[in-house]
Amino acid sequence: MKRLLVFLALAIAAGTATAQSWPSRPLRLVVPYAPGGPIDISARLLAAKLQEPLGQPVVVENRPGAGGNIGVDLIAKGPADGYNLVMSAIATLAINPSLYSNLPYDPLKDLRHVALLVQVPNVLVVRDDLPAKNVQELIALARQQPGKLDFGSGSTGSTGHLAGEMFKMMTGTYMVHIPYKGSAPALADMMAGRIDLMFDNLASSLPSIKSGKVRALATTTLKRSSFLPDVPTLNEVGQSVAGLRGFDMTTWWGVSVAAKTPQAVVDRLSAEILKAMDAPDVKERLHGMGSEAPAIRTPEQFTAFVAAELKTYTELVKRSGAKAD
Amino acid sequence: MKIKNPQDFWAGLMFMAFGLFFVIVALLFYQMGSAVRMGPAYFPVVLGGLLVFLGAIVFARSFMSQLGAEVTAVKLPFNIIDLVVAVGVFVAMTYLAKALGISNDYAMLASALIVSVLSVVYRPESKALVLILASSLAFAYLLKPLGLVFASAALIFISAYGGHEFKWKEVAWLTLVLVVFSVLVFVKGLTLPFPICPDFIENCPIR
Amino acid sequence: MESIWNNLGIGFVECFKLQAVTMAGITLTLPFNIIMCLIGVLLGTLIGVLPGIGPVATIAMLLPVTFTLSPVGALIMLAGIYYGAQYGGSTTAILVNIPGESSSVVTCLDGYQMARQGRAGPALATAALGSFFAGCVSTLIVAMFAPPLAEVALKFGPAEYFSLMVLGLVSAVVLAHGSLIKAIAMVILGLLLGLVGTDVNSGVLRFAFGISELADGIGFVTVAMGMFGICEIIGNLEQKEHREVFTSKVGRLMPSKEDFRRMIGPVMRGTALGSALGILPGGGALLASFGAYTLEKKISKYSHEFGKGAIEGVAAPESANNAGAQTSFIPLLTLGIPSNAVMALMIGAMMIQGIAPGPQVMTERPQLFWGMITSMWIGNLMLVVLNLPLIGMWIKLLTVPYRILFPSILIFMAVGVFSISNQPFDCFLMSLFGLLGFICVKLGCEPAPLILGFILGPLMEENLRRAMLLSRGDPFVFFSPSKPISLGFLIASAILLVIIALPSLRAKREEAFAAEDT
């Protein structure tokens with residue numbers, strides 16, 4: 001069976017002219033963060049799975065620094081030969097361009113986006129003893145006592161922070177932002193009742209929601225998450241509360257290469273990554289990280305998605321006033 | 001006024017210099033904020049100020065010590081001018097690399113080489129210090145272009161030269177053993193993404 | 001009480017359960033979980049001994065391998081790597097004065113001095129036995145009191161953490177045995193160096209001067225390798241006369257009766273302190289070994305020996321850090337909150353195995369929960385059985401001529417530091433800190449207080465500013481009677497400060513102290 005797969009992969013490879021000799025040496029997959037985060041874990045998962053169909057080892061290399069910008073820049077400015085890949089994410093492609101005044105790369109001009117790997121919803125969680133039982137009541141509470149409620153986030157300029165700012169903007173409320181170093185300590189402070197709410201990545205707050213230490217009021221995607229089928233989306237709430245309609249924010253990451261990488265190589269890579277993602281074991285692991293299988297399946301769709309997200313967050317960062325350097 | 005405790009004299013100066021540096025940079029570039037809403041400059045300015053104060057006490061104390069300059073002599077193998085020269089070499093090379101449009105890595109390698117040669121020729125007593133520091137720079141900046149094998153060899157030879165006795169044969173054997181160990185444990189075992197062979201060799205026999 | 005034995009029973013059964021595993025076409029029936037535990041502690045010891053390569057990177061690299069294992073086996077192995085690395089780390093600290101982890105900084109102080117006096121054997125044995133005792137006790141604490149203790153952890157907010165850090169910094173001063181004022185200055189210099197990088201509260205990049213590699217701050221490993229490892233090598237090579245660094249006579253392997261008598265108290269107190277601080281997710285475990293050392297130095301009747309090879313100075317911090325390592329599992333297992341980077345990875349490992357960490361794990365998957373806890377005890381037993389015979393080998397290593405030893409140490413340090421972010425800049429920084437450390441030592445300033453300041457500085461600022469933000473700028477949050485914990489720490493700091501300052505108010509005595517050391 002395995003041999004058959006290798007054979008098939010080779011057969012596909014032989015079909016395209018440029019891809020014929022590619023890959024003839026090991027590939028490098030740069031993770032622009034320190035080892036251990038969800039992006040790093042999924043990179044290692046993918047690297048292990050790609051080795052067989054590509055017939056070459058995929059070496060994961062961590063190049064942390066400057067919110068991921070160093071690692072992404074390395075690939076953006078590196079050789080466009082298809083041997084140098086990077087784990088790109090919402091932070092490095094959509095948020096950092098406006099958060100950092102001197103980003104060394106252009107997320108659309110310097111990179112080609114190959115495949116979207118993971119898309120995790122954000123979830124609005126509140127402390128268990130907060131009087132508000134749903135989003136409407138939360139908005140009412142926030143309007144009643146402006147500046148009294150505290151919302152936490154994993155860091156300044158994180159998706160959690162920006163989702164909070166977007167929520168404030170759309171509902172016309174005022175709450176104080178309390179930044180933490182990662183969402184875990186923020187979650188702990190919320191369990192202890194020191195902060196009132198936060199927008200968190202579903203994967204990190206799911207255990208606490210399940211154990212009833214915090215309550216989920218809404219998710220931030222257009223569709224309900226299969227992990228929390230009873231929790232409404234902010235878009236749904238938006239049917240009765242003006243302003244929240246169309247609220248759609250996910251945390252996502254994928255694979256990108258340098259802009260001038262040949263089309264054939266990008267296509268082959270995209271096909272292999274999608275195949276790896278569809279493998280039941282990988283699918284199950286990614287699901288465990290809170291990801292629903294993304295609907296975006298081609299490099300073109302992914303690029304269009306990146307462009308749209310870049311536009312949204314540029315606007316949002318500007319209005320939130322967040323800055324990183 | 002006579003300096004009675006040179007150690008305290010220089011330590012005081014060092015603390016004051018560090019403190020002033022942090023205070024000035026923080027005040028120039030970052031917002032101070034208030035005690036209620038502290039800005040990014042608040043903490044560094046307070047701490048830097050405290051360091052200047054403590055440095056000043058240590059400095060002042062150096063004129064009143066009763067320990068005697070013998071006990072508290074500063075036994076550094078270089079003087080402050082040597083330090084300035086070394087820093088100057090690094091700065092000059094960095095600018096040269098920028099002007100030539102080549103990677104700063106070469107500037108670091110060149111500076112390490114220049115300072116090492118200067119040290120061996122003019123300040124033999126600082127040989128150990130300089131060569132140990134230079135050897136780790138050589139390793140770091142040679143690892144990507146030349147691979148683990150040659151970078152390790154560079155580190156071992158340079159640092160061993162900084163030791164008391166240098167025996168070619170022994171160092172060569174040591175290099176062989178350590179290179180084999182590093183390749184097996186770090187690259188094979190712990191899967192660190194280090195190149196083994198130099199960049200220009202297309203098909204490395206081991207990878 | 002009965003249910004505890006019942007639960008531990010479940011754990012033992014799970015650990016020694018026979019499982020049929022097919023590898024390379026051969027099906028073997030083996031107690032697989034216990035084999036995983038053994039592999040974990042072996043690997044942990046290895047990476048602990050290698051300076052610079054920490055458990056976080058190793059566990060991250062191994063995660064894909066664990067996908068093929070059962071959840072229990074995978075978690076047992078990962079946990080084994082974590083506490084195995086604590087044992088291994090103390091070996092490097094004692095033998096060559098390199099702290100690979102923040103917890104082994106203070107082990108260097110007395111452990112390395114013991115090694116230089118030919119007492120490396122007793123030092124290593126003390127570390128292993130102390131850690132084993134601490135591991136047993138704290139594992140029992142985890143098994144018996146995990147849920148109520150987790151509630152205590154939640155009592156710690158920004159104000160409490162800030163006050164705890166203040167107490168930690170005051171005790172940092174005790175680490176030094178020379179001039180008091182220079183030690184305080186070194187702590188502050190460390191605090192300032194710790195501020196380099198992105199500010200958590202505002203997102204502003206501080207003191208980076210356009211060097212993008214500094215954006216995430218300076219790594220602890222980089223500073224520790226520079227100021228301890230590199231500095232030590234240069235110092236040894238600099239000696240004009242040609243002599244070996246370690247006394248040639250190996251000495252005894254095991255501690256003497258007298259040593260045992262002296263280590264009992266410190267081990268007990270270290271275990272208690274470490275278990276308590278390990279529960280706190282916001283950096284409490286960092287203080288465990290420092291705190292234990294300070295405590296011993298203040299109350300021991302051998303306090304004049306500290307810094308010159310006192311066995312208490314090895315026993316207390318080693319027991320404290322191993323106890324802390326075990327109890328830091330409490331917030332993870334009961335609240336689903338990781339207390340450090342390794343615990344965050346454990347959460348990641350659990351989630352991709354399809355387990356949501358949290359209190360429900362204990363009731364829904366008792367085999368996993370109790371299996372893991374029991375494995376920690378078994379793992380500790382394995383480590384002590386493994387480490388005691390290894391001592392003979394380690395000591396042999398010290399008889400290798402130093403001209404062979406130091407290039408080897410140097411290459412391991414360079415590889416470790418380079419691997420942190422796979423760029424040469426960290427090695428450059430390591431050299432820079434080596435130089436700074438060398439100059440500091442020559443000026444009569446000790447590096448240990450600087451390192452503690454460096455570790456605690458960012459945490460202290462972060463919590464101070466967060467507390468102020470949450471209280472809307474009310475400085476009384478730290479000492480209001482409604483925050484008894486914070487108030488208590490601040491009072492304790494004040495008392496400690498007075499105790500430290502009193503003798504040195506008589507300036508002459510301090511001078512005499514300094515003279516004694518130079």
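The rules we used
Residues numbered from 1 in each chain as written. Chains lettered and ligands numbered in written order. Predicted model: local features only at pLDDT ≥ 70, side-chain atom pairs only at ≥ 80, totals over all residues. Helix = DSSP H or I, 4+ residues; strand = E, 2+ residues; numbered from the N terminus. Rg over C-alpha atoms; globule rule 2.2 N^0.38 Å. Buried ≥ 20, exposed ≤ 12 C-beta atoms within 10 Å, placed from the backbone. Contact = placed C-beta atoms within 7 Å. Axes fitted to C-alpha atoms, helices over the stretch in contact; angles between N-to-C directions. Parallel < 35°, antiparallel > 145°, perpendicular 65-115°, else oblique. Nonpolar A, V, L, I, M, F, W, Y, C, P; charged D, E, K, R; others polar. pLDDT = per-residue confidence, 0-100. Left-handed = near helix turned anticlockwise from the far one by under 90°. Core = buried A, V, L, I, M, F, W, Y, C linked by C-beta atoms within 7 Å. Right-handed = clockwise from strand over helix to strand, strands pointing away. Pairing = 2+ DSSP bridges. Expected span 1.5 Å × (residues − 1).

Let's talk about the overall build of chain A
Counting its regular elements, chain A contains twelve helices and nine strands. For chain A, whose C-alpha radius of gyration is 21 Å, the value lies close to the compact-globule estimate of 20 Å for 325 residues. By its C-alpha atoms, chain A is 65 × 45 × 35 Å across when sized along the principal axes. Split into buried and exposed, the 325 residues of chain A put 57% on the buried side. Within chain A, residue pairs in contact and separated by at least 24 positions form 77% of the contacts whose partners lie at least 6 positions apart.

Quick word on the packing of helix H6 (residues 120-154) of chain C against helix H16 (residues 366-398) of chain C
Residue and element names in this part refer to chain C. Between H6 and H16, the least distance of the axes is 9 Å, while the angle of their chain directions is 175°. As summarised for this structure, H6 and H16 are arranged roughly antiparallel, according to the angle between their axes. Where H6 abuts H16, its residues Ala120, Gly121, Leu124, Ala125, Ala128, Leu129, Phe132, Gly135, Cys136, Thr139, Val142 and Ala143 lie against Ile373, Met376, Trp377, Asn380, Val384, Asn387, Leu388, Ile391, Trp394, Ile395 and Leu398. The class makeup of the residues in the contact of H6 with H16 is 18 nonpolar, five polar and no charged.

Focus on the confidence of the model for chain B
Taken over all residues, the pLDDT of chain B has a mean of 88, while the share at 70 or more is 95%. With pTM at 0.86, the complex prediction returns an ipTM value of 0.94.

Concerning the interface of chain C and chain B
Contacts between the two partners involve 57 residues from chain C and, on the opposite side, 63 residues from chain B. Listed by contribution, the elements that provide at least two residues to the side of chain C that touches chain B are helix H3 (55-66), helix H8 (180-194), helix H9 (220-238), helix H17 (402-421), helix H18 (425-442), helix H19 (447-470) and helix H21 (507-517) of chain C. Top element by residues in the side of chain C that touches chain B is H17 of chain C. It accounts for eleven residues. Residue composition of the side of chain C that touches chain B, by class: 37 nonpolar, eleven polar and nine charged.

Section: the confidence of the model for chain A
Residues and elements named next belong to chain A. Summarising the model, chain A shows a mean pLDDT of 85, and 93% of its residues fall at 70 or more. Mean pLDDT in chain A bottoms out at helix H1 (residues 2-15), which sits at 48, and peaks at strand S3 (residues 84-89), which reaches 93. Under a pLDDT of 50 for its full length, residues 10-18 has, in the predicted model, ten contacts with residues more than four places off or in other chains.

Comments concerning the packing of helix H4 (residues 71-96) of chain C against helix H12 (residues 312-327) of chain C
Residues and elements named next belong to chain C. Across the interface, H4 lies against H12 with an axial gap of 10 Å and an inter-helix angle of 165°. Comparing their axes, H12 and H4 come out roughly antiparallel. Handedness of the crossing formed by H4 with H12: right-handed. Touching Tyr82, Tyr83, Gln86 and Ser90 of H4 are Glu318, Asn321, Asn322, Ala325 and Gln326, all from H12. Looking at the contact of H4 with H12 residue by residue, the class counts come to three nonpolar, five polar and one charged.

Topic: the nonpolar core
Counting 361 residues, the largest nonpolar core has Ala138 of chain B together with Val187 and Ala414 of chain C as its most contacted members. It is helix H5 (residues 127-161) of chain B that provides the largest number of residues to this core, a total of 23 residues. Setting aside residues up to four positions removed in sequence, Ala138 of chain B forms contacts with Leu109, Ala112, Ala154, Leu155 and Ile158 of chain B.

Quick look at the environment of Ile59 of chain C
Residue and element names in this part refer to chain C. By the element assignment, Ile59 lies in helix H3. As for Ile59 and Leu345, which are separated by 286 residues in sequence, their C-alpha atoms are 7.5 Å apart. Setting aside anything within four residues of it in sequence, one finds Ile59 in contact with Leu78, Ile81, Val342 and Leu345.

With respect to the pairing of strand S2 (residues 58-62) of chain A
A regular strand places its side chains so that they alternate between the two faces of the sheet. Burial of S2 of chain A is extensive: four of the five residues sit out of reach of the surface. With helix H2 (residues 38-54) of chain A bridging strand S1 (residues 27-31) of chain A and its parallel neighbour S2 of chain A, the resulting β-α-β unit is right-handed.

Points about the pairing of strand S6 (residues 176-179) of chain A
Residues and elements named next belong to chain A. Relative to S6, strand S5 (residues 150-153) runs parallel, the two being bridged by four bridges. Its bridge partner lying in S6, Asp150 is registered against Val176. Read from S5 through helix H6 (residues 159-171) to S6, the crossover connection turns out right-handed.

Here's the deal with H18 of chain C
Residue and element names in this part refer to chain C. With 18 residues, H18 should cover 26 Å at 1.5 Å per step; its first-to-last C-alpha distance of 26 Å lies within 8% of that length. Across the 18 residues of H18, 14 count as buried, placing the element largely inside the fold. The first or second residue beyond H18 is Gly444, which carries a positive phi of 75°.

Describing the environment of Ala208 of chain C
Residue and element names in this part refer to chain C. Within the secondary structure layout, Ala208 lies in the loop between strand S4 (205-206) and H9. It is 6.2 Å that separates the C-alpha atoms of Ala208 and Gly197, two residues lying eleven residues apart in sequence. Setting aside residues up to four positions removed in sequence, Ala208 forms contacts with Val196, Gly197, Leu214 and Ala215.

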